[in-house]
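Here is how the chains run, residue by residue.
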Amino acid sequence: MEQGYEETVLQLTSLITAYPPPFIYIHDPATPHLVAPALCTAFDQLRDSSEVILRYAAVDAVACFNTRLFYDTVLNSLAEWSPEWEQGCSNWGGPSSSQGQRYNESIDGCVHGIRAIQASLRSSSPHLYGKGKANGDAMADDNTRLVIFVERAERLKETMPDILVPLARLRELSRTEITVILLSDVSWEQSKPSLGAAPDPYFVDVCPLSKQATLRRLASLFPASSEADGSIGTYDPALRPFYMHFLATLYSVCSVFTTDPSELAYIAAAQWPGFVQPILDDHRSRDDSGNDLEFQPPIEDVRIRLTRLFTPSFTSALETLFPRLSFANAWAQANVPPPNLLSIPPKQLTSIPVHKPEDQDSYRVLKSLPRMAKFILVASFLASNNPAKTDMRMFGRGPDERKKRRKGGSPRKISSKNAAVKIPQRLLGPIAFPLDRMIAILGVLLEENDVDVRPPAPEFSIPGEYTEMETTRVAVFAQVMELAASHLLYLTSPHDRLEMSSTFKCGIGYDAVLGLARDIGVPIYDILWDPV
């Protein structure tokens, strides 16, 4: 049984074995991805027991994004049918008496399929039913249980809203002992159908994991593998007590921001190799000196010193790894502690220096982009951070006039003491801009900063003619869509709205834009409305 969810699992298994309600809604706003495997494990154990005859279907509402996939997944699981390549990967087609009937075309077909599965279970186990109960009375009291378990159920309202009401009333429609369980991180009030069409479910609220349960789950992930040559490795079993101390320190730092065991385990995998490296270096140095000593766990003074040295790096690792700005392996390689750390006097080293991984430096990734792509990203950043009404003032003049305008004038004065302070747009986040506006800014940037590196084109004699030709090429629009596919630009307008110009948002930060502008020679400070 999954650690930390014993109460929820016991409550559901008791309901299913005794008097299962027709509709159950499980709300877990914190860790629904951990509750789902715990329930599936409990269903497997209940299916193997002799208490009831259980058939259950576990459905992911993200994977089953249309009704046919949903119905096929449910019926295949309830019938214990596995599509095989040799048989053409065909889905369950019903009993032999009803071959050729399609059960995945509508909710009515799915209901008939559920009835057929219930009838086959009754006919295969007649000793479980009393006299007259196997004659087709589907609502007779028996030990057969059918369960449909749907995780990420909040997606049903977006992809298949018409299926919510039939699922809530599936026992009433099918006249079978079937239970529908929905698991979601969204409350029922936000995902239920309108007009009260669905009955209220049996609510189950999952309590957040306690600190002790979270630490037990994290400790259970310790591999405890010894090295082949007998040496002490990073995950040696002798280091388990020290690992528990490390987890307690990590939890105390990161629990303010997240208590998800999966996220904490990811951060622990990045920090543990560096945290334990001084202990391993000290043990190897003693072995090299000729003293073949047995490995001893670190004493309390060493634990306190390592905790004091590495605690600031826990916060930096959380800020980098929690939003996945880098990977755990890259973080561990970039933040290797100094060799023989314990031999350094404490006054000379008060904390471990934190280094940014190379893959987190977005400028290193963007440096390999084509020159036109760099211009597009700089133009997109300007369109996302400059107000649209300032385009004429910023780009309507030449570069010399812009510099003169910025040098002259007096500083702005605040008229009132209680006047609201305007926050720069760079701190508020990017705003959406139409594609036409970005193309216009791109034309200005190319005309002012790309003339010297262009190939000679004597056929274009009018100023700006070559730039206009470049900005209307198909390659420019293809480059925009490629940047959007790489999530360097974000498409904010609907894909099916062809009557309006597409709108985008810039997906790179200020530091990355400074590096790109430096590469292509664009004076970003002169054309940014709120420079730093």
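Residues numbered from 1 in each chain as written. Predicted model: local features only at pLDDT ≥ 70, side-chain atom pairs only at ≥ 80, totals over all residues. Heavy atoms only, no water.

Enquirer: So what exactly am I meant to see when it comes to the nonpolar core here?
Expert: Side chains of nonpolar character tend, in soluble globular proteins, to be buried together. Leu-382, Met-438, Leu-442, Leu-445 and Ile-508 are the most contacted members of the largest nonpolar core, which totals 41 residues. For this core, the secondary structure elements donating two or more residues are α15 (371-385), α16 (391-395), α19 (435-449), α21 (474-485), β8 (503-506), α22 (510-520) and α23 (524-527). The residues contacting Leu-445, other than those within four sequence positions of it, are Phe-375, Val-378, Ala-379, Leu-382, Asp-450, Val-522 and Ile-527. Residues Phe-242, Ile-279, Leu-309 and Leu-341 belong to the second largest nonpolar core, which totals 37 residues. (Core = buried A, V, L, I, M, F, W, Y, C linked by side-chain atoms within 4.5 Å. Buried < 20%, exposed > 50% of the residue type's maximum accessible area, 1.4 Å probe, protein only. Helix = DSSP H or I, 4+ residues; strand = E, 2+ residues; numbered from the N terminus. Contact = heavy atoms within 4.5 Å.)

Enquirer: Sorry if this is basic, but what is going on with the sheet that holds strand β1 (residues 23-27) here?
Expert: Strand pairing in a sheet takes place through backbone hydrogen bonds and is either antiparallel or parallel in direction. Read across the open sheet, the five strands follow the order β2-β3-β4-β1-β5; overall the sheet is parallel. Two strands close off the open sheet at either side, each with one partner strand: β2 (53-60) and β5 (202-205). Across the sheet, the axes of successive neighbouring strands diverge by a mean angle of 20 degrees, strand direction being ignored. Strand direction decides the pairing type here: β2 and strand β3 (residues 144-151), joined by eight bridges, are parallel. Counterpart to Ala-57 in the pairing with β3 is Ile-148. Lying on the sheet, helix α1 (residues 6-17) is in contact with β1, β2, β3, β4 (178-184) and β5; it crosses β5 at an angle near 160 degrees. Of the strands in this sheet, β1, β2, β3 and β4 are in contact with helix α2 (residues 32-48), which crosses β2 at around 160 degrees. (Pairing = 2+ DSSP bridges. Axes fitted to C-alpha atoms, helices over the stretch in contact; angles between N-to-C directions.)

Enquirer: Would you explain the packing of helix α10 (residues 240-254) against helix α12 (residues 300-321) in this entry?
Expert: To describe two helices that pack against each other, one gives the angle between their axes and the distance between the axes. Where α10 contacts α12, the axes come no closer than 10 Å and their chain directions differ by 45 degrees. Classified by the interaxial angle, the pair formed by α10 and α12 is oblique. For the crossing formed where α10 meets α12, the hand is right-handed. Only Arg-303, Leu-306, Thr-307, Thr-311, Phe-314, Thr-315 and Leu-318 of α12 make contact with α10, whose side of the interface consists of Pro-241, Phe-242, His-245, Phe-246, Thr-249, Leu-250, Val-253 and Cys-254. (Parallel < 35°, antiparallel > 145°, perpendicular 65-115°, else oblique. Left-handed = near helix turned anticlockwise from the far one by under 90°.)

Enquirer: Is there a simple way to think about the confidence of the model for the protein chain in this case?
Expert: The share of residues in the protein chain with pLDDT of 70 or more is 84%, and the mean pLDDT across the chain is 84. At the level of individual helices and strands, the protein chain shows its lowest average pLDDT in helix α17 (residues 399-407), which scores 50, and its highest in β1, which scores 97. Within the model, pLDDT remains below 50 along residues 131-141, and this stretch shows 13 contacts once partners closer than five positions in the same chain are excluded. Within the model, the stretch residues 404-411 combines pLDDT values under 50 with nine contacts to residues more than four positions away or in other chains. (pLDDT = per-residue confidence, 0-100.)

Enquirer: Please explain unusual backbone geometry as it appears in this structure.
Expert: Backbone phi values are negative for most residues with the exception of glycine, while trans is the configuration of most peptide bonds. The backbone of Glu-80 shows a phi angle near 55 degrees, a positive value even though the residue is not glycine. Structurally, Glu-80 can be placed in the loop between α3 (67-78) and α4 (107-124).

Enquirer: Sorry, what's going on with α1 here?
Expert: Residues three or four positions apart in an α-helix share a direction because the helix packs 3.6 residues into each turn. The first and last C-alpha atoms of α1 sit 16 Å apart over 12 residues, in line with the 16 Å expected at 1.5 Å per residue. Three or more residues of α1 are buried, namely Thr-8, Val-9, Leu-12, Thr-13, Leu-15 and Ile-16. Down the axis of α1, the smallest arc covering the buried residues is 160 degrees, so these residues share one side. Exposed residues on α1 whose side chains face more than 90 degrees from its buried face are Glu-7 and Leu-10. Here the buried face of α1 lies against β1, α2, β2, β3, β4 and β5. (Expected span 1.5 Å × (residues − 1). Arc of directions from axis to C-beta.)

Enquirer: Quick question: what am I supposed to make of the side chain of Arg-305 here?
Expert: Position of Arg-305 relative to the elements: it lies in helix α12. No salt bridge is formed by the buried Arg-305, whose closest oppositely charged neighbour, Asp-282, lies at an N-O distance of 9.1 Å. At 2.4 Å, the side chain of Arg-305 forms a polar contact with the backbone oxygen of Ile-344. The contact partners of Arg-305, leaving out residues within four places of it in the chain, are Leu-341, Leu-342, Ile-344, Pro-345 and Pro-346. (Lys, Arg positive; Asp, Glu negative; His and termini not counted. Salt bridge = Lys/Arg side-chain N within 4 Å of Asp/Glu carboxyl O. Polar contact = N/O pair within 3.5 Å; in protein donor to acceptor, adjacent residues only side chain to side chain.)

Enquirer: How should I be thinking about the pairing of β3 in this particular structure?
Expert: Along any regular strand the residues' side chains alternate between the sheet's two faces. Counted residue by residue, β3 has seven buried out of eight residues, so it is predominantly covered. Sheet topology places β3 next to β4; six bridges connect them, and they run parallel. Counterpart to Val-150 in the pairing with β4 is Leu-182.

Enquirer: I'm lost on the sheet that holds strand β6 (residues 433-434) in this one. Help?
Expert: Here we have three strands laid out as an open sheet, ordered β6-β8-β7, and antiparallel in their pairing. Single-partner strands in this sheet number two, and they are β6 and β7 (489-491). Where β7 meets β8, three bridges bridge the pair, whose relative direction is antiparallel. Across the sheet, Tyr-490 pairs through a bridge with Lys-505, a residue of β8.

Enquirer: Teacher, can you tell me more about the packing of aromatic side chains here?
Expert: Aromatic ring pairs: the centre-centre distance and the angle between the two ring planes describe each pair. This model, assessed by the stated rule, comprises 19 aromatic pairs. Geometrically, the ring pair formed by Phe-43 and Tyr-56 is tilted, given 5.2 Å between the ring centres and 50 degrees between the ring planes. You can see Phe-43 sitting in helix α2 and its partner Tyr-56 sitting in strand β2, a full 13 residues away along the chain. Of the two residues examined, Phe-43 and Tyr-56, each falls in the buried class. An aromatic cluster of at least three residues, connected via ring pairs, comprises Phe-222, Tyr-235, Phe-242, Tyr-243, Phe-246, Trp-272, Phe-275, Phe-310 and Phe-314. Positioned over the ring face of Tyr-266 is Arg-324, at 4.0 Å from the centre of the ring. (Phe/Tyr/Trp six-rings, centres within 6.5 Å; stacked < 30°, edge-to-face > 60°. Lys NZ or Arg CZ within 6 Å of the ring centre and 35° of its normal.)

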